[in-house]
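For reference, the chains in residue letters:
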Amino acid sequence: MVQAPAETAARDYTRLLDYSEKCPVGLPDWATEGERFAWRMICAGRIADMGQFTPAVQTSLDQPLALGPASTPQTSADGFGCRALPKENEKKQIWPDSRRLSARFIKLVATRKPYVEVPAVPTIIIRCARIDDQIYLYHEDLPRQLVLQDSRIMGGMYVQGARFDSDLVLDGSDLGGSYFYGDGLEAENLSFRSGRAGIVGLTSANVRGNVDLSGTLIGMLPDPKTPDERGGLIASGLQVERNLMLDPSDNIQADLQKVDLRSVRIGGDLRADSARVRTKMNLNGADIGGAFFMRYGAEAREIDLISARMAKGLELTGLRVLKPADNATIPVNDGTVDSGIWAQTGSIWAARLVVNDSAFFNWLQVEGKLVLDEASISGPLYLGGSRIVDQLSANGLHVEGPISMGWNADMTAVSFRGAFVEGAVQLFASRFDGPFDLRNAHLGALELWENGEDVSWGPKASLDLRNADIGVLQARFPQNWELSDLHDQQGAPLRLPVELENLRYDRLGSATPPQSSLPPELDIDNLIQWVSDSLPKSDQGQAAGFIPQPFRQLEETLRSMGADSEADEVQVAGHVHQIKAYSTDLSGWLKTLAGVIWWALVGFGAYPFRVLWWFATLVGLGVLVSRWSPILRDKGWTDCFWYSLENAFPLLQPSSEHQKVIHDHPFLQNFFHFQKVAGFVLATILVGALTLLGG
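Residues numbered from 1 in each chain as written. Predicted model: local features only at pLDDT ≥ 70, side-chain atom pairs only at ≥ 80, totals over all residues. Heavy atoms only, no water.

Caption draft 1: Quick peek at the overall build of the protein. Within the protein one finds 13 helices and 60 strands. Excluding contacts between residues fewer than 6 apart, the proportion of contacts in the protein whose partners are at least 24 apart in sequence is 47%. As displayed, the protein offers around 30900 Å² of accessible surface, 53% of which is attributable to carbon and sulfur atoms. (Helix = DSSP H or I, 4+ residues; strand = E, 2+ residues; numbered from the N terminus. Contact = heavy atoms within 4.5 Å. Areas by Shrake-Rupley, 256 points an atom, 1.4 Å probe, with all protein chains shown as cover.)

Caption draft 2: Inspection of the side chain of Arg 301 at higher detail. With respect to the helices and strands, Arg 301 occurs in the loop between strand E30 (299-300) and strand E31 (302-304). Separated by 2.9 Å, the side chains of Arg 301 and Glu 299 make a polar contact. Residues in contact with Arg 301, not counting those within four places in the same chain, are Val 277, Arg 278, Thr 279, Val 321, Leu 322, Lys 323, Pro 324, Gln 344, Thr 345, Gly 346 and Ser 347. (Polar contact = N/O pair within 3.5 Å; in protein donor to acceptor, adjacent residues only side chain to side chain.)

Caption draft 3: Structural detail: unusual backbone geometry. Cis rather than trans, the peptide bond between Lys 113 and Pro 114 has omega equal to 5 degrees. Within the secondary structure, Pro 114 sits in the loop between helix H4 (103-111) and strand E2 (123-127). Backbone torsion omega between Phe 477 and Pro 478 reads 5 degrees, so that peptide bond is classified as cis. With respect to the helices, strands and loops of the structure, Pro 478 is situated in the loop between strand E56 (469-474) and strand E57 (482-487). One non-glycine residue, Asp 150, lies in positive phi territory at about 50 degrees. Inspection of the secondary structure puts Asp 150 in the loop between strand E6 (145-149) and strand E7 (152-153).

Caption draft 4: The arrangement of the pairing of E2 in detail. Burial analysis of E2 places four of its five residues in the buried class, which makes it a mostly covered element. Summarising the sheet, strand E1 (residues 48-49) and E2 pair through two bridges and their orientation is parallel. Looking across to E2, one finds that Ala 48 is bridged to Ile 126. Where E2 lies against E6, five bridges are found, and the strand directions are parallel. Within the sheet, the bridge partner assigned to Ile 126 lies in E6 and is Leu 148. (Buried < 20%, exposed > 50% of the residue type's maximum accessible area, 1.4 Å probe, protein only. Pairing = 2+ DSSP bridges.)

Caption draft 5: Molecular detail of the packing of aromatic side chains. Counted by the stated rule, this structure contains 15 aromatic pairs. Both rings, one in Phe 436 and one in Trp 457, keep their centres 6.2 Å apart while their planes meet at 85 degrees; by these two values the pair is edge-to-face. One end of the pair, Phe 436, is in strand E50 (residues 435-437); the other, Trp 457, is in strand E54 (residues 456-457), with 21 residues separating them in the sequence. Judged by its relative accessible area of 1%, Phe 436 falls in the buried class. Sitting above the plane of the Trp 95 ring, Arg 99 keeps its charged end 4.5 Å from the centroid. One residue, Arg 271, lies across the ring of Phe 293, its end atom 4.6 Å from the ring centre. (Phe/Tyr/Trp six-rings, centres within 6.5 Å; stacked < 30°, edge-to-face > 60°. Lys NZ or Arg CZ within 6 Å of the ring centre and 35° of its normal.)

None of this, on its own, says anything about what the molecule does.
Spelled out as structure tokens, the structure:
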């Protein structure tokens, strides 16, 4: 037996071993032959591959080493292979006792002097080992890199508060349903690729480099007596200066029962492409200095991104967030659990999310809700091709770019109430079958069609645009305002229920410069019908109230586009609708009469020069009536014309001859008195119209 030298002697050992020498530091008496083999390899700066330790090797432990440091055997000498975690449908092998190492041995060579001071190679690499008891490194200092690769650590590993000067690597190792508890640990890098554990706990841990859990299975069967106990990645408060990775490894996706990353701080990216989270992924309050990726068929039952921050973008393209199927079972670590225990909502909760770049939700499948209330995105938001079953809620959302919801997106209820979108909200080529709420929203544009692609509204759809402010309303009328699956008795599509009260928009059709006529996708009759349909109606379909703003907004927009004649038609249509909405009592009839007179005289102000025709008619009628007067009849038509004009136009002083004309017949007296009053009224209206036209 080679005894361990004194501590002072070990501290002076700094040179690398010659590979023909024995290790100058021996193990205690309790060490097994397998552990002596492992230590000799570690001491020589080589990989301690327990698959290479056989009874034949035991007889040569005191002999010089035959292999150099770069020699790594590719096959196991004991014939059992070195895959700690078998592939799917592959039978698990029982490893022989010759591979067994004790947790005490691991702790000794990784944390105790003089072993941590020899050799000068700062790495402990052990692979294909069988460690049956629990590894306790609680609050220990580990000056070397510790690698336990492709090993079976069935008792679990407890490294809470441990301080690693270098890396901790557990790639390919299997902890079964046991725990890896690393709460509060410190390390350069932590790698647990293609492994398995019941729980990986990293609460408040601090990793100066990367945390790599790619391809790892993390989950356990709950204790039937405590069904709320769940396996998974438990790492709230974790700090990672570079990246946290849950990507596939060797074409095997990471599979986690749940993920708790609340309030984590990640300096780089969080990558979870193709990852499967069987219950909830919780990133509440997470701060990610890079981007968050969860793409390409990744899956979860619920995702919490409330108050999270991503400095360089968010990509969830192809993510599926599903509700558990009734009576389904979920395989976890060679077993099953009842999905009722892990019932989730199938939703993404991302209220107050902050993304300092673009956010990609393309081809997203959410069986519950996508909630983006009061979120802030400093770039475009892409939702193209996504399917959201319950609701998309984005009330108070702020987006510094466009929102693309086109290209085969399929959604039911959508709410952007109070949202601020600097770019366009694009809905073309997608289907919506539920209430679409844009109340109080501010949009750069609302695009319902583009290059021949129209939005599709299902039978349950409605659009609420009350108090919205839109730069460009790009739509076809009536095509973009019809329900695609419902028709009336004549076979015509039913109109989309819309509410336009206090809607403001600068342009219609497309963002082209002002023109003298309407774009081809617009039709004035359909525009008027669009506004009229939005106003309140009785059970019989008659106007039941009048809101002037939608008509006035349409009129103002058309005038700004240079379509003055169409704007006049809208002005008239608005007043006609107002008259139809009056009540049927005496007050209503009087208002209706006044409205009819207003329309007849000046077209509700849209056609002020119509009063000239009325004045001309009044003068012409006076000429005809004056021919009945004996005094004027003999003076000819010309004198009758001037008499009628002077009498009808109050600004003209009648000639002295005409002032002497006295009508004996009561009809003539009454008519010319009426003509004088009517002329005064018409002249007043004409002067007012000229004043308005002159500014």
